[in-house]
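Analysis of the macromolecular model
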Amino acid sequence: MRMRAVFFLLSACASFLILLSFISVSSACNKALCASDVSKCLLQGLCQCRPSEGNCSCCKECMLCLSTLWEECCDCVGMCNPRNYSDTPPTSKSTVEDLHRPIPSLFRALTEGDTPINMMVVSFPVAEELSHHENLVSFLETLDEQHQNISLPGSSIHSNYDKDNLCTVVYFDDCLSIRQCKQYCESMGASKYRWFHNACCECIGPECLDYGSKSVKCMNCLF
């Protein structure tokens, strides 16, 4: 038992040193947000290749491991260019959530015809909404062909859709808290919502396959 404890302690120390060495790759790394998940992925040996040196053999596994934190934390493991978080505006970040009891007919009725007061209705092709998602999936699928047994989350969900369909979203003119945003979108029958970190609220309609638009268009809440 003592030998096992010593081995575990040495392994933990080694893993911690590896974690520090990778996180130090970028001084801009958001350690408060990323440390726990980055540590988990490094302990599993999934993020230890170096794309900047031409070795991307672990890129797909690392992206899958970091999951929804990929965009925020990829620079912590040297997978993408460092970003200056102090210069990142809140309008570039958002929180999204699915609403469990959407009412599509209500949402359509409220967004058709005249624009409701204190709201902006925006429609755009579904293909535009999904372009970033599908380009990312396509890129990852070409990274390492030997891992045929790995499937990307959501990679096949949007395989069949009509590119001419329109995704309709609603922006509220004024700033709202995330709780208000969820409540307002639920009351409109929306399927999902996106709350930007500058307090702009976007309700997402039933025809949208992803999470609407990443553009902030709240008239009185742009900064």
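Sequence order as written defines the numbering, with residues in each chain counted from 1. Under the rules for a predicted model, residues below a pLDDT of 70 receive no local features and side-chain atom pairs below 80 are neither given nor counted, while totals for whole chains, interfaces and linings still include all residues. The side-chain quantities take in all heavy atoms of the structure and omit both hydrogens and water.

The name given to the protein chain in an unreviewed UniProt entry is Twisted gastrulation BMP signaling modulator 1, with the source organism recorded as Pygocentrus nattereri. Database annotation for the protein chain, UniProt heading Sequence similarities (unreviewed entry): "Belongs to the twisted gastrulation protein family." On record in UniProt, under Subcellular location (unreviewed entry), the comment for the protein chain is "Secreted". UniProt positions are given in the numbering used here, feature names are shortened, and annotations may be inferred rather than shown by experiment.

Quick look at the overall build of the protein chain now. Numbering of helices and strands starts at the N terminus; helices are DSSP runs of H or I of at least 4 residues and strands are runs of E of at least 2. Assigned secondary structure in the protein chain consists of seven helices and five strands. Its helices and strands taken in sequence order, the protein chain reads α-α-α-α-β-α-β-α-β-α-β-β from the N to the C terminus. In the protein chain, which comprises 223 residues, the proportion classed as buried is 35%. Contacts are residue-level and defined by heavy atoms, with any inter-residue pair within 4.5 Å sufficient. For the protein chain, the proportion of contacts with a sequence separation of at least 24, taken over those separated by at least 6, is 65%. Think of it in three bands: with a 1.4 Å probe and only protein chains considered, a residue is buried below 20% of the maximum accessible area for its type, exposed above 50%, and partly exposed in between.

As a rule of thumb, nonpolar side chains are buried together in soluble globular proteins. For our purposes a nonpolar core is just a set of buried Ala, Val, Leu, Ile, Met, Phe, Trp, Tyr and Cys residues, chained together by side-chain atoms within 4.5 Å. Ranked by internal contacts, the top residues of the largest apolar core, which has 28 residues, are Val169, Tyr171, Cys185, Cys200, Cys201 and Cys203. Sorting the residues of this core by element identifies β2 (119–125), α6 (126–141), β3 (166–172), α7 (178–187), β4 (192–196) and β5 (201–204) as the ones contributing at least two each. Top element by residues in this core is β3. It accounts for five residues. The contacts of Cys200, once residues within four sequence positions are left out, are Tyr171, Arg194, Trp195, Val216, Lys217, Cys218 and Cys221. Residues Cys34, Cys47, Cys62 and Cys65 belong to the second largest nonpolar core, which totals 20 residues.

This paragraph deals with the packing of aromatic side chains. Whether two aromatic rings pair depends on their centres lying within 6.5 Å, for rings of Phe, Tyr and Trp, where Trp uses its six-membered ring; planes under 30 degrees apart make the pair stacked, over 60 edge-to-face, and the rest tilted. Scanning all chains against the criterion turns up one aromatic pair. The interplanar angle of 65° and the centroid separation of 5.4 Å between the aromatic rings of Phe172 and Tyr184 together place this pair among those described as edge-to-face. Taken together, the positions of Phe172 in strand β3 and Tyr184 in helix α7 put the pair 12 residues apart, joining distant regions of the chain. Take Phe172: its relative accessible area is 8%, and that puts it in the buried class. Sitting over the ring of Tyr211, Lys192 keeps its end group 4.7 Å from the ring centre. Criterion for a charge above a ring: Lys NZ or Arg CZ within 6 Å of the ring centre, and within 35 degrees of the ring normal.

Let's shift gears to the sheet that holds β3. If you walk across this open sheet you meet the five strands as β1-β4-β5-β3-β2, and the pairing is antiparallel. Either end of the sheet is taken by a strand with one partner, and the two such strands are β1 (94–98) and β2. Taken pair by pair, the neighbouring strands of this sheet meet at an average axis angle of 20°, ignoring direction. Two strands pair if DSSP finds at least two bridges between them. Direction of pairing for β1 relative to β4: antiparallel, over a ladder of five bridges. Helix axes are fitted only over the stretch in contact, all axes being lines through C-alpha atoms; the angle between N-to-C directions runs from 0 to 180 degrees.

Below, the discussion takes up the pairing of β3. The buried fraction of β3 is high, at six of seven residues. Of the pairings in the sheet, the one linking β2 to β3 comprises seven bridges and is antiparallel in character. Bridged to Met120 within β3 is Tyr171. Pairing of β3 with β5 involves three bridges; the strand directions are antiparallel. Each residue of the ladder has a partner; that of Tyr171, found in β5, is Glu202.

Disulfide assignment relies on a single distance test, namely cysteine sulfur atoms paired within 2.5 Å. By the definition in use, this model includes 10 disulfides. Disulfide pairing places Cys181 opposite Cys201 at an S-S distance of 2.1 Å. Its S-S torsion of about 80° marks the bond between Cys181 and Cys201 as right-handed, since a negative value means left-handed. With Cys181 in helix α7 and Cys201 in strand β5, the pair connects residues that are 20 residues apart, well separated along the chain.

What follows covers the confidence of the model for the protein chain. Values of pLDDT, which run from 0 to 100, indicate the predictor's confidence residue by residue. Considering every residue of the protein chain, the mean pLDDT works out to 76; 70% of them sit at 70 or more. Within the model, pLDDT remains below 50 along residues 134–140, and this stretch shows eight contacts once partners closer than five positions in the same chain are excluded. Contacts for the low-pLDDT stretch residues 146–158, under 50 throughout, to residues beyond four places or in other chains number 22 contacts.

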